[in-house]
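A structural walkthrough
Residues per chain are reported as follows:
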Amino acid sequence: MNPDDARSALADAHRLQERTRDEHVRQQFAWPYMCATALGIFIAFGSTDLPAPWDTLAFLLGEGVLIGSVILQRRRAAVRMKANVGDGLFVLLGAFLVLAGYIAFNVVASLGVLSFGLPTPRIFAAAALALLFLALAGPSRRLYTALVRNT
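Residues numbered from 1 in each chain as written. Predicted model: local features only at pLDDT ≥ 70, side-chain atom pairs only at ≥ 80, totals over all residues. Heavy atoms only, no water.

What follows covers the layout of surface pockets. Reported here for the largest pocket is a volume of approximately 1,400 Å³. For the largest pocket, the lining is made up of 43 residues, of which Thr37, Phe90, Val91, Gly94 and Phe133 are closest to its centre. Elements with a minimum of two residues in the lining of the largest pocket: α1 (3-28), α2 (31-46), α3 (52-75), α4 (85-116), α5 (121-135) and α6 (137-150). The element best represented in the lining of the largest pocket is α4, accounting for 11 residues. Its residues placed into classes, the lining of the largest pocket shows 28 nonpolar, 10 polar and five charged. (1 Å grid on protein atoms, 1.4 Å probe; cavity = no way out; pocket = protein on both sides within 12 Å on 5 of 7 lines; lining within 4 Å. Points joined across faces, edges and corners; volume = space filled by probe spheres on them. Helix = DSSP H or I, 4+ residues; strand = E, 2+ residues; numbered from the N terminus. Nonpolar A, V, L, I, M, F, W, Y, C, P; charged D, E, K, R; others polar.)

Okay, structure coming up:
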């Protein structure tokens, strides 16, 4: 093998590696799964306003939607990459931000109960959180793309 063939093979390997990374990011942030995740967030967090036997059922339904979305996404993935520390930290940071956002929206919605007499503040907080989750999908995708390319 001459040096030109070696350089060409190495360039092909790098190009295919970039395509693999781009496909991995694309399938992680596919809109059907993002919408299903937002629906699961809305159902799970909004369930706390329901009466006693229904709140547990709705919460389990919301968690089932979230878990089912993850399972379907993983099983239908065309590209599978090994998880690393960066992926784990990205998921933990996302989960922390979702909880912090819910707490913030819950405080605002509770103030709305006092001011406007809203009947179900946690459902409004859950809806706002689900919409914020979808709105931040684009910036999150760019951040995850940078994370995947640097690892």
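There is more to say, and it comes next.
Next up on the list: the packing of α2 against α3. At a minimum axis distance of 7 Å, the contact between α2 and α3 shows a crossing angle of 160 degrees. Between α2 and α3, the angle is such that the two are roughly antiparallel. Where α2 crosses over α3, the two elements pack in a sense that is left-handed. Seen from α2, the contacting residues are Tyr33, Ala36, Thr37, Gly40, Ile41, Ile43 and Ala44; seen from α3, they are Ala58, Phe59, Leu61, Gly62, Glu63, Val65, Leu66, Ser69, Leu72 and Gln73. Of the residues contributing to the contact of α2 with α3, the split by class is 11 nonpolar, five polar and one charged. (Axes fitted to C-alpha atoms, helices over the stretch in contact; angles between N-to-C directions. Parallel < 35°, antiparallel > 145°, perpendicular 65-115°, else oblique. Left-handed = near helix turned anticlockwise from the far one by under 90°. Contact = heavy atoms within 4.5 Å.)

It is worth spelling out α5 at this point. Its 15 residues place the ends of α5 21 Å apart at the C-alpha level, agreeing with the 21 Å of an ideal helix rising 1.5 Å per residue. Structurally, α5 contributes buried residues whose contacts are with α2 and α4. (Expected span 1.5 Å × (residues − 1).)

One pass over the structure, following the stated rule, counts five salt bridges. The salt bridge involving glutamate 18 is made with arginine 21; its shortest N-O contact spans 3.1 Å. In this pair, glutamate 18 and arginine 21 are both assigned in helix α1, three residues apart and thus about one turn of the helix distant. Note that arginine 149 and glutamate 18 form a salt bridge whose closest N and O atoms lie 3.4 Å from each other. With arginine 149 in helix α6 and glutamate 18 in helix α1, this residue pair connects regions lying 131 residues apart in the sequence. Sharing partners across several salt bridges, the network here consists of Glu18, Arg21, Asp22 and Arg149. (Salt bridge = Lys/Arg side-chain N within 4 Å of Asp/Glu carboxyl O.)

What follows concerns the nonpolar core. Buried together is how nonpolar side chains tend to be arranged in soluble globular proteins. In terms of nonpolar packing, the biggest core is built from eight residues, these being Ile41, Phe45, Val98, Tyr102, Ala109, Ala125, Ala126 and Leu129. Look past the residues within four positions of tyrosine 102 in its chain and what remains in contact with it is Phe45, Thr48, Arg122, Ala125, Ala126 and Leu129. Listed in part, the six residues of the second largest apolar core include Phe29, Met34, Ala137 and Tyr144. (Core = buried A, V, L, I, M, F, W, Y, C linked by side-chain atoms within 4.5 Å. Buried < 20%, exposed > 50% of the residue type's maximum accessible area, 1.4 Å probe, protein only.)

As a further point, take the packing of α5 against α6. Taken N-terminus to C-terminus, the directions of α5 and α6 make an angle of 45 degrees; their axes are 5 Å apart at the nearest point. Classified by the angle between their axes, α5 and α6 sit oblique to one another. Contacts from Phe133, Leu134 and Ala135 in α5 reach Ala137, Gly138 and Pro139 in α6. Its residues assigned to classes, the contact of α5 with α6 shows five nonpolar, one polar and no charged.

What follows deals with a nonpolar patch on the surface. A contiguous nonpolar patch, built from Ile103, Val107, Leu111 and Leu114 and spanning about 430 Å² of accessible area, is present on the exposed surface. Note on placement: isoleucine 103 falls in helix α4. (Patch = residues over 30% accessible without salt bridge, like charges linked within 9 Å, V, L, I, M, F, W, Y side chains within 5 Å. Areas by Shrake-Rupley, 256 points an atom, 1.4 Å probe, with all protein chains shown as cover.)

Now for the side chain of serine 69. With respect to the element layout, serine 69 can be found in helix α3. If we skip the residues at most four places from it in the chain, serine 69 touches Tyr33, Ala36 and Thr37.

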